[in-house]
Amino acid sequence: MARFKKWFTDDPVLFLLLPLYLFVVITLLHHTISYVDGAMHSGQSTYGDMNMHLGFITSIARQHTFPPEYSLLPGTRLAYPFLSDSISSSLYLFGSSLRIAYLLPMFAALLQVFFGAYFTIRRLLHGADGSCRGKSILAFALFFLNGGFGFVYFLNKGFNNENFSRIFTAFYETPTNYVTENIQWHNVICDMLIPQRATLFGWAILFPVLALLLHAREHKNMRCFVLSGVLAGGLVLIHTHSFLALGVCCGIFLLQDILAERPEAKRLPLLGRFGAVVLFLLAMCLIRNRQQSENPLSANAILTIGLALAGLFAGVLVYFLVHAKNRKPLLLWGVFLGVVLVLALPQLFGFTFQQAQGEQFVRGSFNWANSADSGDGYLMFYIKNLGIMFFLTLAMLVFGTKKQCKIALPGIAIWLMSEFILFQPNPYDNNKLLLVAYLFFCAAVSDFVWDTMSAGEKDRRVIFVSMTAFLGVFAALLTMGREYVSDYELYDASYVSLCEWVEDNTEPSDIFLTNNNHNNAVASLTGRNIVCGSGTFLYYHGLDYAQNEADVKTMYEDPAKRPELLEKYHVSYIVVGAYEMNNYAIPDLDAMRRDYKTVYDENGVLVLEV
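Residues numbered from 1 in each chain as written. Predicted model: local features only at pLDDT ≥ 70, side-chain atom pairs only at ≥ 80, totals over all residues. Heavy atoms only, no water.

### Points about the overall build of the protein
A tally of helices and strands in the protein yields 27 helices and ten strands. Projected onto the principal axes, the alpha-carbon positions of the protein cover approximately 85 × 65 × 60 Å. When contacts within the protein are restricted to residue pairs at least 6 apart in sequence, those whose partners lie at least 24 apart make up 75%. Within the protein, one finds 43 positive and 48 negative side-chain charges whose respective centroids are separated by 17 Å. (Helix = DSSP H or I, 4+ residues; strand = E, 2+ residues; numbered from the N terminus. Contact = heavy atoms within 4.5 Å. Lys, Arg positive; Asp, Glu negative; His and termini not counted. Charge placed at Lys NZ, Arg CZ, Asp CG, Glu CD.)

### Describing unusual backbone geometry
A cis amide bond links F66 to the next residue, P67, at an omega of -5°. Take P67: it is sitting in the loop between helix 3 (49–63) and helix 4 (83–93). For N367, which is not a glycine, the phi torsion comes out positive at approximately 70°. Considering the arrangement of structural elements, one finds N367 in the loop between strand 3 (363–364) and helix 16 (378–386). Note on N367: relative accessible area 0%, which makes it buried. Not every positive phi belongs to a glycine, and N603 is a case in point at roughly 55°. (Buried < 20%, exposed > 50% of the residue type's maximum accessible area, 1.4 Å probe, protein only.)

### Points about the packing of helix 17 (residues 388–399) against helix 19 (residues 431–452)
Between helix 17 and helix 19, the least distance of the axes is 9 Å, while the angle of their chain directions is 70°. Classified by the interaxial angle, the pair formed by helix 17 and helix 19 is roughly perpendicular. Considering the relative orientation of helix 17 and helix 19, their crossing is left-handed. Judged by residue contacts, M389, L392, T393, A395, M396 and F399 of helix 17 engage Y438, F441, C442, A444, V445, F448, V449 and T452 from helix 19. When its residues are assigned to classes, the contact of helix 17 with helix 19 shows twelve nonpolar, two polar and no charged. (Axes fitted to C-alpha atoms, helices over the stretch in contact; angles between N-to-C directions. Parallel < 35°, antiparallel > 145°, perpendicular 65-115°, else oblique. Left-handed = near helix turned anticlockwise from the far one by under 90°. Nonpolar A, V, L, I, M, F, W, Y, C, P; charged D, E, K, R; others polar.)

### Focus: the sheet that holds strand 9 (residues 597–602)
Ordered by their spatial adjacency, five strands build an open sheet running 7-6-8-10-9, and the pairing between neighbours is mixed. Among the strands making up the open sheet, the edge pair consists of strand 7 (529–530) and strand 9. Relative to strand 8 (residues 573–576), strand 6 (residues 511–513) runs parallel, the two sharing two bridges. Its bridge partner being in strand 8, F512 is matched across the sheet by Y573. (Pairing = 2+ DSSP bridges.)

### Quick look at the pairing of strand 9
Where strand 9 and strand 10 (residues 605–609) come together, five bridges link them in antiparallel fashion. When the sheet's bridge partners are listed, Y600 is paired in strand 10 with V607. Between the end of strand 9 and the start of strand 10, which pair antiparallel, lie two residues, with N603 showing a positive phi angle near 55°.

### Re the confidence of the model for the protein
Caution applies to low-pLDDT regions: their predicted coordinates should not be interpreted in detail. Looking at the protein as a whole, its pLDDT mean stands at 90, while 95% of the residues score no less than 70. Across the protein, the secondary-structure element scoring lowest on mean pLDDT is helix 1 (residues 2–10), at 60, and the one scoring highest is strand 6, at 97. (pLDDT = per-residue confidence, 0-100.)

### Observations regarding the sheet that holds strand 1 (residues 34–36)
Each strand in a sheet pairs with its neighbour through backbone hydrogen bonds, running either in the same direction (parallel) or in the opposite one (antiparallel). Spatial ordering of the open sheet is given by 1-2-5, a layout of three strands whose pairing is antiparallel. In the strand order of this sheet, the two ends are held by strand 1 and strand 5 (488–491), each with one partner. Averaged over all pairs of adjacent strands, the angle between strand axes in this sheet comes to 55°, irrespective of strand direction. For strand 2 (residues 39–42) and strand 5, the ladder comprises three bridges, and the chain directions are antiparallel. Looking at strand 5, one finds that H41 is bridged to E489.

### A look at the environment of N430
Positionally, N430 belongs in the loop between strand 4 (421–422) and helix 19. When its relative accessible area of 0% is taken as the criterion, N430 is described as buried. Sequence separation of N430 and A369 is 61 residues, and the distance between their C-alpha atoms is 8.3 Å. Separated by 3.0 Å, the side chains of N430 and Q424 make a polar contact. (Polar contact = N/O pair within 3.5 Å; in protein donor to acceptor, adjacent residues only side chain to side chain.)

### Side note on the nonpolar core
Membership of the largest hydrophobic core comes to 202 residues, with the highest contact counts inside it found for F114, F144, I189, L193, W203, L498 and I574. The greatest single-element share of this core, amounting to 16 residues, is contributed by helix 19. Dropping the residues within four chain positions of it, I189 is found in contact with L20, F23, V24, F144, L145, I194, P195 and M480. (Core = buried A, V, L, I, M, F, W, Y, C linked by side-chain atoms within 4.5 Å.)

### Thoughts on the pattern of salt bridges
Counting across every chain of the model gives 14 salt bridges. A salt bridge links R123 to E218, with the shortest nitrogen-to-oxygen separation between them at 2.8 Å. Of this pair, R123 sits in helix 5 (residues 98–125) while E218 is found in helix 10 (residues 197–219), placing the two residues 95 residues apart along the sequence. Across the salt bridge formed by E173 and R166, the nearest N and O atoms sit 2.6 Å from each other. Since its relative accessible area comes to 24%, E173 is described here as partly exposed. One salt-bridge network, in which partners are shared between bridges, spans K135, K403, D447 and D451. (Salt bridge = Lys/Arg side-chain N within 4 Å of Asp/Glu carboxyl O.)

### Considerations on the pairing of strand 2
Burial along strand 2 is two-sided: the face carrying A39 and H41 and the face carrying M40 and S42 are both buried. Joining the antiparallel neighbours strand 1 and strand 2 is a turn of two residues, in which D37 adopts a positive phi near 55°.

### Considering the environment of F119
With respect to the element layout, F119 can be found in helix 5. It is 9.7 Å that separates the C-alpha atoms of F119 and L214, two residues lying 95 residues apart in sequence.

### Focus: helix 11 (residues 222–233)
The terminal C-alpha atoms of helix 11 lie 16 Å apart, and with twelve residues this matches the ideal 16 Å at 1.5 Å per residue to within 8%. The set of residues buried in helix 11 consists of C224, F225, S228, G229, A232 and G233. Summarising the axial view, the buried residues of helix 11 lie within an arc of 165°, below the 170-degree limit, and thus occupy one face. (Expected span 1.5 Å × (residues − 1). Arc of directions from axis to C-beta.)

### Concerning the packing of aromatic side chains
Scanning all chains against the criterion turns up 49 aromatic pairs. Look at W185 and W368: their rings are 5.8 Å apart centre to centre, the planes differ by 85°, and that puts the pair in the edge-to-face class. Residue W185 is located in the loop between helix 8 (162–165) and helix 9 (188–193), and its partner W368 is located in the loop between strand 3 and helix 16; the two are separated by 183 residues in the primary sequence. Taking the ring centre of Y102 as reference, the NZ or CZ of R197 above it sits at 4.5 Å. (Phe/Tyr/Trp six-rings, centres within 6.5 Å; stacked < 30°, edge-to-face > 60°. Lys NZ or Arg CZ within 6 Å of the ring centre and 35° of its normal.)

### Details of the side chain of N520
Mapped onto the secondary structure, N520 falls in the loop between strand 6 and helix 22 (521–525). Overall, the relative accessible area of 4% leaves N520 in the buried class. Apart from the residues within four sequence positions on either side, N520 is in contact with Y491, T514, N515 and I530.

Following this line, the structure appears as structure tokens:
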């Protein structure tokens with residue numbers, strides 16, 4: 001008991017970390033293919049992406065194909081970092097249930113994310129005194145319970161009103177996820193850690209690596225640099241966004257280490273810092289206004305701006321590298337880079353660069369998820385999405401200390417890059433970079449609120465910290481409440497029964513003709529291939545699925561062309577159930593029964609063998 005008491009005394013963040021961990025675990029248990037009267041249910045956030053991940057897990061386990069291919073688009077190499085799902089595939093192969101195989105690795109990864117983020121924050125703030133512990137707790141809360149002013153749209157008519165209660169009843173209408181009002185700064189726990197396995201497992205490596213690198217920099221520890229390189233080298237096929245974010249952070253860390261050996265430069269006066277922030281915001285607002293005009297900048301022009309900023313930073317880094325007098329930092333970081341490249345280059349050239357080809361991937365786009373037709377200006381978008389953190393980050397850059405600006409610098413670099421360059425088909429997915437930047441902002445702002453704004457007075461500190469904490473986390477708490485109570489049928493009982501039959505009576509190599517709904521039970525639960533899966537997944541992976549999708553419709557609706565297309569796609573079985581009947585006008589179901597052998601006909605679902 002004394003040991004546990006000491007743990008909580010030394011690291012009071014456990015009072016927040018452990019309840020958050022238990023919340024996520026309990027929510028995952030409730031949200032992951034739980035059985036209700038023969039059907040399988042999920043929660044709100046897992047209603048989408050979990051289907052795709054289940055399909056990856058089961059197909060990797062059943063088909064034994066490497067490199068893995070899409071069960072949603074047969075013959076196409078998986079254009080997604082698959083190591084997080086292959087862990088579950090291994091457990092599934094060893095005989096665990098699909099539910100346990102899905103959940104167990106996530107429980108371990110969650111602990112790594114929470115503790116990795118906490119120790120990264122502690123290292124950034126650098127210290128073990130009571131004030132540092134308090135700052136760490138505040139930063140931890142601001143990051144994992146992130147949210148903005150979206151709650152205003154639900155509280156403008158009071159608490160005892162349907163407008164407020166719909167947070168807990170409507171589908172994806174929460175204070176951190178309300179696209180109708182352009183609220184898109186989604187909560188880390190509910191929209192990242194619970195549904196997004198690649199992000200979860202990527203952060204499970206990224207955050208410990210950041211903490212380890214910060215320790216290695218401080219102590220000039222070669223072994224820690226080598227270990228960090230080994231861990232970082234595996235990130236490519238776990239989460240490519242985390243690998244990219246780590247690369248930017250390391251560039252800033254290296255620059256800071258080189259400059260630390262030089263005489264300390266004079267800091268801009270207060271008026272100069274204020275002017276720099278105002279000029280930056282003015283430039284961003286002008287670009288935003290241009291993008292909303294009838295003559296917006298082209299994607300190539302935006303990309304050029306982003307690349308120019310990256311080139312400017314690279315030029316500055318090279319200049320100081322060449323003129324560095326102390327070679328020790330260069331040796332340490334050189335060893336780290338060498339280890340990373342040895343491990344990462346085969347993955348980059350063997351998988352990532354081949355998969356991320358085409359105009360849908362690296363391209364120019366300004367202001368992240370704030371589309372040109374949303375009506376929100378640059379400032380308004382971030383004010384209502386980031387809330388109090390937007391104002392405090394700007395205040396920290398103007399009035400904060402050099403230490404606080406140094407903490408925030410990696411985040412600034414990542415944010416600037418992400419404001420001009422997209423790295424995937426879905427613009428929203430740049431938040432996987434922005435949230436890493438946000439971690440640095442949370443650490444710097446917490447130090448700023450705790451020290452600078454409190455001016456050494458305890459009462460003032462309590463007021464500022466309390467206001468920051470409340471306004472920073474209130475929207476997230478409402479979203480978490482909604483996530484906890486959400487419950488939706490994912491796979492109805494008739495398709496669950498079908499999947500049990502499929503697993504017992506068909507081969508893993510068989511191809512099924514089914515509807516292309518996102519919650520396709522055959523693709524998710526059995527590991528079998530279907531002719532074409534949902535565009536919800538395939539489009540945002542940059543895949544051309546239009547022909548497959550059109551041919552699925554033709555096979556169901558055009559008896560004359562059906563035989564040729566069935567042969568083209570090597571279809572083994574045709575499924576006709578509620579989804580297929582509702583989405584396709586099948587004119588000759590009785591004739592299909594005569595032409596093909598009926599191998600399954602239960603609960604309103606028919607399976608014909610080709």
